[in-house]
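Reading the structure
The residues making up each chain are set out below.
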Amino acid sequence: MRHFANWGILGLTLIFLIGPFVIIILAGASAGPNLAFPPEGLSLKWYAKVFTIESFRASFVLSMALAVFGTITALVLGIPAAYALNRYDLPGAETIRTIVAAPIIVPGIIVGLALLRYVVVPMNVTVTVALFMAHTALVLPYAVRVVSSSMHNLRADMEEAAVLLGCSRMQAFTKVVLPNIRGGVLAAFILGFVTSFNQVPVSLFLSGPGVRTLPIDMLAYMEITFDPSIAALSALLAFMSLAIVFVAERLLGFSRYV
Amino acid sequence: MSDTFVQLTDLTLTYGKNIAVPALNLSIREGELIALLGPSGCGKTTTMRAIAGLLAPASGSIHIDGRDVTRLAANKRGIGLVFQSYALFPHLNAFENVAFGLRLQKLPEAEIKSRTEQGMATVGLSGFEGRKPAEMSGGQQQRLALARSLVMRPKVLLLDEPLSNLDARLRLEMRTELQRVQKETGVTMVFVTHDQAEALALADRIVLMQQGKIEQLGTPAQLYAQPETAFAAEFMGFENIFKVAGDSVQNDHGSLPLGYRPDSAILAWRPDGVRVGQGPHQGRVTACSFAGGHREYVIDSALGPVKANADIALPEAQIGDSLSFDLPQATARPLRA
Ligand SMILES: Nc1ncnc2c1ncn2[C@@H]1O[C@H](COP(=O)(O)OP(=O)(O)OP(=O)(O)O)[C@@H](O)[C@H]1O
Ligand SMILES: [Mg+2]
């Protein structure tokens, strides 16, 4: 009986997790003109149509660029921060950790509004720059956290050993610390990439004429057109995320770090 | 003192406000094997880190090979340090761990290869080149760490508790290994230990430290036979240490007349030096254990517990028995206060 209940819970969990995914794949594969489930017949035409929609192409490129460069910037800032928090007895290290984590805790709507009201408008920065700043800030906590945890087990005496063998402090970092936190850095990159790519609330406030991230563009598209191409696109994006995680898992055992 | 190789002069080492080592003076000769011996927290690691350049001294100076290196960066000093934790690089295989420092010097590939292979052979690790540190035993990792330092041909090689993580058999093996490597390379070596037997067995000279100060410095034979203070005597196995008052010895428990008048402030006896079975003093046996060639007794006397070893030929006393003993002048070691 216990056994049966366990399988039941497992099954329900899987349905909740995978169910929406299956629905979206099928809804996108509809032959009919409307977004519906179950689909009215099967075809791949909506999957094909996604690639012909001009605005999707532009917003995909923007989202990609934001996710890649925003995450790289966050890592460039986050790795040294994580290093300093781990290595040195900084006064107020706990406070710094909390502040760094703030974008995870504070609702995205508020972050977006605050950025718009106090940075974009008064400082008169362009929408693209504002989006870049926002995405970097959003990803930074993940970068610091994940890199931190992979640095946690790295003993300081390894760097000292490297120094005594002739390294400068900087060389000790690049030759000894970095190779040993490689997996953590990659994990942080993927987590950051996915977070940034799927980000809606913050980007909502910072999109301007002609400058939209893909999720915002998809929302806008749905307000006008209610065809299955939106489901097809969602399914394609989900496959992209899956592929990235799969490759990372293969290369580095990604799941150890998250 | 003409052939001094490492000279520490009034070296003061601090952690914030805490003084870990106050004004240390020590000279080490070239090719010498020095043991830093002392209880936990006495400043052994701190002293090593200062010599290596990982800890800047608050005051004082360090000279190596006639050159003042007090302000010289750690990576320019030419000093090797084998960490107690080995501090191997987990992402590199054994070969690359050993070659790490040579690669930094941008030596020709052929020389890197030959020196690395030779270094690994010296510590008996030929054939392990492709292993990652995690795939090696504790003893192998330790030897790898030693090879990594040795191939750099350091002027001075420091070893922080090099044998402490090994089991008894490996420890003996590594002891001989260290001695052999030292004789073979002639490198000046300083190793830290809190095991007196290890220090006695390995070192040319022992530096006994207490609370950051040198308690006594000398050859193993000198320290073993002629400790000068109660602290040194205790470390060297004198388990019975008593204050002298006139012609008796005393402690918190009481006093015993000696029958002679010592001219030192403190007297100490090893358990071997206490005569059992005859003598003017009486005590009750509270513990007795067989130790091969002798029996070890703890005798409760007017001085509290006295530790004495009795020859196996003597009749065995049981716990609770009364036993006579003597604290002879011949085996007493006079100590200064
Ligand atoms: N990083 C540090 N910060 C503050 N105090 C320290 C630090 N490292 C050591 N100390 C203090 O300095 C003193 C000497 O420490 P050290 O590590 O040199 O001892 P040790 O002789 O190597 O001991 P052990 O045998 O336990 O390794 C100790 O009182 C210790 O508490
Ligand atoms: Mg120590």
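Quick caveat: nothing in here was measured; it's all calculated off a predicted structure. (Residues numbered from 1 in each chain as written. Chains lettered and ligands numbered in written order. Predicted model: local features only at pLDDT ≥ 70, side-chain atom pairs only at ≥ 80, totals over all residues. Heavy atoms only, no water.)

Once that is clear, we can look at the overall build of chain A. Of regular secondary structure, chain A possesses eleven helices and zero strands. Across chain A, helices and strands are ordered from the amino to the carboxyl terminus as α-α-α-α-α-α-α-α-α-α-α. For chain A, the C-alpha atoms occupy an extent of roughly 70 × 60 × 35 Å along the three principal directions. Counting across all 258 residues of chain A, residues that qualify as buried make up 40%. Once local pairs closer than 6 in sequence are excluded, the contacts in chain A between residues at least 24 apart make up 72%. Carbon and sulfur atoms make up 73% of the accessible area of chain A, which amounts to about 13900 Å² in all. On chain A, the mean spot of the 15 positive side-chain charges and the mean spot of the 11 negative ones are 4 Å from each other. (Helix = DSSP H or I, 4+ residues; strand = E, 2+ residues; numbered from the N terminus. Buried < 20%, exposed > 50% of the residue type's maximum accessible area, 1.4 Å probe, protein only. Contact = heavy atoms within 4.5 Å. Areas by Shrake-Rupley, 256 points an atom, 1.4 Å probe, with all protein chains shown as cover. Lys, Arg positive; Asp, Glu negative; His and termini not counted. Charge placed at Lys NZ, Arg CZ, Asp CG, Glu CD.)

Inspection of the entire model under this criterion finds ten aromatic pairs over all chains. Ring plane angle 80 degrees and centroid distance 6.3 Å describe the contact between Tyr83 of chain A and Tyr88 of chain A, whose orientation is recorded as edge-to-face. Taking the relative accessible area as the measure of exposure, Tyr83 of chain A reaches 11% and is therefore buried. Here Phe89 of chain B and Phe100 of chain B contribute two aromatic rings whose centre-to-centre distance is 4.5 Å and whose plane-to-plane angle is 45 degrees, an arrangement assigned as tilted. Of this pair, Phe89 of chain B sits in the loop between strand S6 (79-82) and helix H2 (94-104) while Phe100 of chain B sits in helix H2, placing them eleven residues apart in sequence. Exposure remark for Phe100 of chain B: the relative accessible area of 7% places this residue in the buried category. An aromatic cluster of at least three residues, connected via ring pairs, comprises Phe60, Phe189, Phe193 and Phe197 of chain A. (Phe/Tyr/Trp six-rings, centres within 6.5 Å; stacked < 30°, edge-to-face > 60°.)

Residues and elements named next belong to chain A. The domains assigned to chain A are domain 1 (1-43) and domain 2 (54-256). With centres defined by C-alpha atoms, the gap from domain 1 to domain 2 works out at 30 Å. Of all residues in domain 1, Phe21, Ile24 and Leu35 bury the most surface against domain 2, accounting for 62% of the area lost on that side. One can count zero salt bridges joining domain 1 with domain 2. Taken together, the connections running from domain 1 to domain 2 amount to one residue pair in polar contact (both at pLDDT 80 or more). The residue makeup of the side of domain 1 that touches domain 2, split by class, is six nonpolar, four polar and no charged. (Domains from an automatic or database assignment. Buried area = accessible area lost by both parts, 1.4 Å probe. Salt bridge = Lys/Arg side-chain N within 4 Å of Asp/Glu carboxyl O. Polar contact = N/O pair within 3.5 Å; in protein donor to acceptor, adjacent residues only side chain to side chain. Nonpolar A, V, L, I, M, F, W, Y, C, P; charged D, E, K, R; others polar.)

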